[in-house]
Amino acid sequence: MSVQVCRWKQGNAFAYSITYDEGFVELIEHALPVHQRYGVPGHLVMVAGQLGQLREMPSSTYHGLRCHLSPPQIRDFMHEGWSVGDHSMTHGDLNVDTYTEVVGSKLLLEAAIGEPVNTFHLPGANFSFAPAARYLEEAGFLAVFFANDGVNSYDPDLFALSRTLLYVVEGEPFCPLYSPFPRVYDPYYRLHEALDSGGWIVDVTHSVEPVPLALWKDGTPDILDARFDCLRRVGSGREWAAEPEEIIDYILVRRAVSIMTLTAERGRLSFRVELGDVPNQVKYREISVTAQLSPIPSDWPTILIDGKAEATLDSFSGERVTFTWPVKNNQVVDLHWQA
């Protein structure tokens, strides 16, 4: 008999998230209904200094043409299970007034939405990390996302996370700043890579509209629908579709958990859970484990956490049972079953 902490919540094979840079109001009509239909939460990446305003950046495709979500609109998304990330104060050069761009933007965004903001998404391109680096941990960010195409491992460097591109026009380049984004749209290969590696894929897009303004970095409702359909088909129920903050929290809790077996005998398995240091910002403090039981149970086992039925049974097949619960330090978990 043995117990193993799951890589991903509920023992899923891989993790998936999707993010929306700039957070334009078009998401309300054209993206949110697709998310609701599939039950996939999203993540808004907001320019803190332009909330509720027209895009203000002359070099941007959207300059003066698209409006950022307002704080009340952002909170509406949060009520749907979405989370919010920081995309700096102005989306400008982080070498200029770096403290305001990194720390000031976080404080302003948190005040606007009434919740902590734990992720920073580098604006522009990856070279903006260098000036920002000294302030990111000081500000209390738990993770930093880069603009480079790739699947994150199940145990990644949280200050060097990758986001892959949801969509580019067939055969068209995305932007030389973002090399090595793929030059040909393939909606499948990164999902299969995430499944095969047990990793975490994070899609990145901008606006979602029937007729996109920026074809090389926007999507349509049909494209978004196809992506989620593809996710379900590739995952076959083994995908964990969650907003990035919940996944980051799970990774941090998983790293802090250790298990010591107390009893392993016929029809009973018990173990103690120790929870080490977890950052105060971590909101989701759950862990999933898979236990291999012997002899094979004839029915679902009884699972008690410190004598209480607090666990959620995720799966039970043969001698293996997977379950999830809110983890605390120094808990005793007992499993009882009939052979």
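Residues numbered from 1 in each chain as written. Predicted model: local features only at pLDDT ≥ 70, side-chain atom pairs only at ≥ 80, totals over all residues. Heavy atoms only, no water.

## Re the packing of helix α4 (residues 98-113) against helix α5 (residues 129-139)
Thought 1: α5 packs onto α4 with a crossing angle of 25° between their chain directions and a minimal axis gap of 9 Å. The orientation of α4 relative to α5 falls into the category roughly parallel. Our pair here, α4 against α5, has a crossing hand that is right-handed. Every residue of α5 that contacts α4 at Thr98, Tyr99, Val102, Val103 and Lys106 is listed here: Pro131, Ala132, Tyr135, Leu136, Glu138 and Ala139.
Thought 2: Partitioned by chemical class, the residues of the contact of α4 with α5 number eight nonpolar, one polar and two charged. (Axes fitted to C-alpha atoms, helices over the stretch in contact; angles between N-to-C directions. Helix = DSSP H or I, 4+ residues; strand = E, 2+ residues; numbered from the N terminus. Parallel < 35°, antiparallel > 145°, perpendicular 65-115°, else oblique. Left-handed = near helix turned anticlockwise from the far one by under 90°. Contact = heavy atoms within 4.5 Å. Nonpolar A, V, L, I, M, F, W, Y, C, P; charged D, E, K, R; others polar.)

## Considering the confidence of the model for the chain
Thought 1: Residues at a pLDDT of 70 or more form 93% of the chain, whose mean pLDDT is 91.
Thought 2: Taken together, the stretch residues 180-185 has pLDDT below 50 and engages in 24 contacts with residues farther than four places along the chain or on a different chain. (pLDDT = per-residue confidence, 0-100.)

## A word on the sheet that holds strand β14 (residues 312-317)
Thought 1: Ordered by their spatial adjacency, four strands build an open sheet running β1-β12-β15-β14, and the pairing between neighbours is antiparallel. Strand pairing shows two members of the sheet lacking a second neighbour, β1 (2-5) and β14, which therefore form its edges. Averaged over neighbouring strand pairs, the angle between their axes works out to 20° when direction is ignored.
Thought 2: As paired elements, β14 and strand β15 (residues 320-326) share five bridges and run antiparallel to each other. If you follow Thr312 over to β15, its bridge partner there is Thr324.
Thought 3: Strand contacts of helix α8 (residues 244-256): β1 and β12 (286-292), with the helix running at about 55° to β12, the strand carrying the most contacts. (Pairing = 2+ DSSP bridges.)

## Concerning unusual backbone geometry
Thought 1: Pro295 follows Ser294 through a cis peptide bond whose omega is -5°.
Thought 2: Topologically, Pro295 is positioned in the loop between β12 and β13 (302-305).
Thought 3: Positive phi outside glycine occurs at Glu22, with the angle close to 80°.
Thought 4: Inspection of the secondary structure puts Glu22 in the loop between β2 (14-21) and α1 (26-30).
Thought 5: On the basis of relative accessible area, Glu22 is assigned to the buried category, the value being 3%. (Buried < 20%, exposed > 50% of the residue type's maximum accessible area, 1.4 Å probe, protein only.)

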